Amino acid sequence: MKNIKIYSSNTCSNCTAAKEYLKEKGYEYEEKNVSTDQAAKKELISMGYMGVPVIMIDEDVVVGFNKSKLDELL
């Protein structure tokens, strides 16, 4: 099983689409909402990302909602 973590925000439509896509595919993930979780926001910025969604699959990172990239990694 892959370790999936998604950094999202309350107002991000691509985040919602990515989460729905992962659910449809039957994957479980940990969500880190940068709107409500300051630690998650700091974590994301410390990794050099300013926008969401950032989806981490094990050691790989997908920035934005990229179905083909997600399919490739999952």
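Note that this is a predicted model, so its numbers are computed, not measured.

Reading the values: rules and limits
Residues numbered from 1 in each chain as written. Predicted model: local features only at pLDDT ≥ 70, side-chain atom pairs only at ≥ 80, totals over all residues. Heavy atoms only, no water. Salt bridge = Lys/Arg side-chain N within 4 Å of Asp/Glu carboxyl O. Helix = DSSP H or I, 4+ residues; strand = E, 2+ residues; numbered from the N terminus. Buried < 20%, exposed > 50% of the residue type's maximum accessible area, 1.4 Å probe, protein only. Disulfide = S-S within 2.5 Å.

Right, let's get into the pattern of salt bridges. Inspection of the entire model under this criterion finds five salt bridges. Notably, a salt bridge pairs Glu30 with Lys32, separated by 3.9 Å at the nearest N-O pair. Across the pair Lys32 and Glu43 runs a salt bridge whose closest N-O atoms are separated by 3.3 Å. Here Lys32 is found in strand 2 (residues 30–33), whereas its partner Glu43 is found in helix 2 (residues 38–46), with eleven residues between them in sequence. Residue classification places Lys32 among the buried positions, given a relative accessible area of 15%. What makes Glu43 partly exposed here is its relative accessible area of 28%. Through salt bridges that share partners, Glu30, Lys32 and Glu43 make up one connected network.

Here the focus is the state of the cysteines. Going through the model one piece at a time under the given rule, you end up with one disulfide. In this model, Cys12 is linked to Cys15 through a disulfide, with the two sulfur atoms separated by 2.3 Å. What sets the handedness of the Cys12 and Cys15 disulfide is the S-S torsion sign, and at about 85° it is right-handed. Taken as a pair, Cys12 and Cys15 share a single burial class, namely buried.

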